[in-house]
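What follows is the residue order along each chain.
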Amino acid sequence: MDVEQFRKAGYAAIDRICDYFNSLEKLPVVSRVEPGYMKDLVPAEAPENGEDFDKIAEDYQKVIIPGLTRWQHPSFFAYFPTGCTFEGILADLYSSSVANPGFNWSASPACTELEVITMDWAAKMLGLSPEFYNSSEVGGGVVQTSASDSVLVAVVAARSRYQAAHPETKMEDLVIYATTQTHSLGAKAAVVLGLQIRTIEVEWKDSYCLRGDGLRAAFEADEKLGRKPFILIGTVGTTSSGAVDNISEIAQVLKEYPDVWLHIDAAWAGVALACPEYREALYLPQINEAATSFCTNFHKWGLVNFDFSAMWVRDRKLLTEALDVTPIFLRTKQGDEGTAIDYRNWHLGLGRKFRSIKLWFVLRSYGVTGFQNHIRKGIKLNKIFSDLVEKSEILSLVTEPSLALTVFRITPPNEENYTVAAVNQLNLHFHNTLSARDDIMLTKTDLNGRICIRLAVGSSRTEETHIRQAYETIEQVASASIQSWLQTHAN
Ligand SMILES: *Cc1c(COP(=O)(O)O)cnc(C)c1O
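Residues numbered from 1 in each chain as written. Predicted model: local features only at pLDDT ≥ 70, side-chain atom pairs only at ≥ 80, totals over all residues. Heavy atoms only, no water.

Asker: Would you take a moment to explain the overall build of the chain for this structure?
Answerer: In terms of helices and strands, the chain carries 14 helices and 11 strands. The C-alpha atoms of the chain give a radius of gyration of 24 Å, which matches the 23 Å a tight globule of 491 residues would have. In terms of overall dimensions, the chain has C-alpha extents of about 80 × 70 × 45 Å along its principal axes. Counting every position in the chain, which comprises 491 residues, the buried fraction comes to 51%. Counted over contacts in the chain with a minimum sequence separation of 6, partners at least 24 positions apart contribute 74%. Of the accessible surface of the chain, which amounts to about 23100 Å², a share of 54% is contributed by carbon and sulfur atoms. Each charge class in the chain was averaged separately, 47 positive and 60 negative side chains, and the resulting centres sit 1 Å apart. (Helix = DSSP H or I, 4+ residues; strand = E, 2+ residues; numbered from the N terminus. Rg over C-alpha atoms; globule rule 2.2 N^0.38 Å. Buried < 20%, exposed > 50% of the residue type's maximum accessible area, 1.4 Å probe, protein only. Contact = heavy atoms within 4.5 Å. Areas by Shrake-Rupley, 256 points an atom, 1.4 Å probe, with all protein chains shown as cover. Lys, Arg positive; Asp, Glu negative; His and termini not counted. Charge placed at Lys NZ, Arg CZ, Asp CG, Glu CD.)

Asker: I'm lost on the side chain of Gln144 in this one. Help?
Answerer: Assignment of secondary structure puts Gln144 in strand E1 (residues 140-144). Within the structure, the side chain of Gln144 is placed 2.9 Å from the backbone oxygen of Trp346, a separation counted as a polar contact. If we ignore the near neighbours within four places in the chain, the residues touching Gln144 are Asp149, Ser150, Val153, Phe308, Ser309, Met311, Trp346, His347 and Arg355. (Polar contact = N/O pair within 3.5 Å; in protein donor to acceptor, adjacent residues only side chain to side chain.)

Asker: In this structure, what is going on with unusual backbone geometry? I would like to understand it.
Answerer: For residues that are not glycine, phi is negative in most cases, and the peptide bond is trans in most cases. Cis rather than trans, the peptide bond between Phe306 and Asp307 has omega equal to 0°. Among the secondary structure elements, Asp307 is positioned in the loop between strand E6 (293-297) and strand E7 (309-313). A positive phi angle is found at Asn448, which is not glycine, with a value near 45°. Examined against the element boundaries, Asn448 turns out to sit in the loop between strand E10 (443-447) and strand E11 (450-456). Assessed through its relative accessible area of 43%, Asn448 is described here as partly exposed.

Asker: Would you mind showing me how to read the site of the ligand here?
Answerer: Lining the immediate surroundings of the ligand are 14 residues, of which Ala147, Ser148, Asp265, Asn297 and Lys300 lie closest. One nitrogen or oxygen atom from the side chain of Ser148 is found 2.5 Å from an oxygen atom belonging to the ligand. Between the ligand and the protein, one listed contact pairs an oxygen atom with a side-chain N or O atom of Lys300 at 2.7 Å. When the free accessible area of the ligand is taken as 390 Å², the share hidden by the protein chains comes to 87%. Of the residues in the shell around the ligand, the class split is 5 nonpolar, 7 polar and 2 charged. (Near = heavy atom within 4 Å. Nonpolar A, V, L, I, M, F, W, Y, C, P; charged D, E, K, R; others polar.)

Asker: Sorry, what's going on with the sheet that holds strand E3 (residues 196-200) here?
Answerer: Pairing between the strands of a sheet comes from backbone hydrogen bonds, and it takes one of two forms, parallel or antiparallel. The strand order E1-E7-E6-E5-E4-E2-E3 describes an open sheet built from 7 strands, whose pairing is mixed. Across the chains shown, the open sheet's two edge strands, defined by having one partner strand only, are E1 and E3. Neighbouring strand axes in the sheet, compared pairwise and without regard to direction, differ in orientation by 20° on average. By the bridge criterion, 3 bridges tie strand E5 (residues 261-265) to E6 in an arrangement that is parallel. Bridging across to E6, Ile264 finds its partner in Phe294. (Pairing = 2+ DSSP bridges. Axes fitted to C-alpha atoms, helices over the stretch in contact; angles between N-to-C directions.)

Here it is in C-alpha cells:
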C-alpha cells in the first residue's frame, strides 16, 4: 500500500467506523456467534499472494463485526465499562503511525516527555499528593498495560526493598497480603513470582472492606509462624461490589509495619477522584499519606481507549533499583546523566507503546470539567437504577451502591424459609435468562456465598432512557424467574 492508497483506504475506514457508531444502538450488545464461527470464514493459511485492500476491509465487516461484544453499546452493563472516545481512537491512529518502542528517552524524546507531563496532569486532576508527580523528581507516574502489570511491578519492587532491608529473609517466607475481594491480579502475581499470598476474609457487615483489626490479626498470626508480610494490596472499589478498603485503619496498622509496601488498586474507581466530592469516601487523604504506589485504569471508566493503566509511586528509585538491568547497548548519555527518565526501568518489558497521546487528547478535548461531568453522569445514572431496585418488591440491594455500580439480587418473599442454595439457584436462573438476551448485558458475582447480579454504568453513550429500559427488562425477567421458581419450590 502506498501513501495515496492509504489515504483512500483511511478515509473509507473512518467512514466505516462512523457508520458503526451510528448503528451501534440498533445492534445487539451480545455477539450471537458460536465458538469456532470464524473457521468457516477465514482460511487456515495466509494467502500466497497479496490481496486487494478493499476486499480485506470488506471482510472486516463480514468476519469481525458479528463476533464482537459491544462494550460501547449504551446497554452494556457487564464487568466494568471500557473507555472508548473518538479522541482516543485518533490518538491510537497517530501513535501507531509513528510506531516506536519508546524504551528510553532517545528512542523518541516526545514519547517519554509527553508521558512525564500528562501523568502529572492526571495526578493533579485526581488530587494525588505532589510527592507522586514526575516533577517532584523523586516519585512519579508511568503508564502500564494493565492493573495486573502494575501490581506485578509493585510486588517485584516491594520484594527487592524488603530483601535489601532484611537480606537473611528466605523467599518462601515472604507473603503478599490481600483480601478475599481483591481482584485475581493478587493471586496471579503470587503465581508468576512464586510467592505466597494470604487473602484475609472480609464480611458483609463491613460492606466487604478490609478493616484494621482483621489486618492486624493476620499480621500477628503470620509473624508467629515466621512469615514475612512485605506488601498489602488495598482495593479502592473492588470488582465484585465496589467495596473500598478502610485505608484509614489500614494506614494506622501499617505505621507499626513500615516494611510493608501499600499498593492501592483503584483500577475502576480511582478515576472518580477527579471529582472532589468523592475523595473523602475513597480515602484520598490517607492514600496520599500512606500509599507506596497507586494504580487506576483510565481505560475503564476514564474515557481512554484500552490500554492505559496509570501507576504512580512515591519513590521512583524503588522501581528502578528493582528493575534496572542495563546492558551496554541500552546505555545512553541522558540515562547515565539522569537528565531523562528511562521508562524501561519502570515496567516489566523493554519496549512500550506511545500511549500518553491518548490521555493528552482526551484531557485536552474534555477538559477536567468534561471528565468530571462524565464521572458524575455515571454515578447519577446508577443512582436512578439503584433507587428503582430499592423500591422493588422482588429485587434488593446486596450492598450500598458504590459510585456507578449496583449489586442486587432477587429476594423471594419469606426468604428465611428457603436455603441459601435454593435462593442462589433462583438468582442463577435469573442471570442465565438475562444472559440469553442480546439487548442487554450484565455479569454476576458471588459475595460470600450469595449469587448476585452487577450493573455497572459508565459507557459514554448510556443515557437515562437506557437505564430505565434496563430496569424494566430486569424486573420482567426477575418476575418470570421467581414465578417458575416458586412453582418448583411449592409444597
Ligand atoms: C478491572 C480490575 C482489575 C484488572 O484490571 P486489568 O487492567 O485488566 O489487569 C484489577 N482490579 C480491579 C479492582 C479491577 O476492577
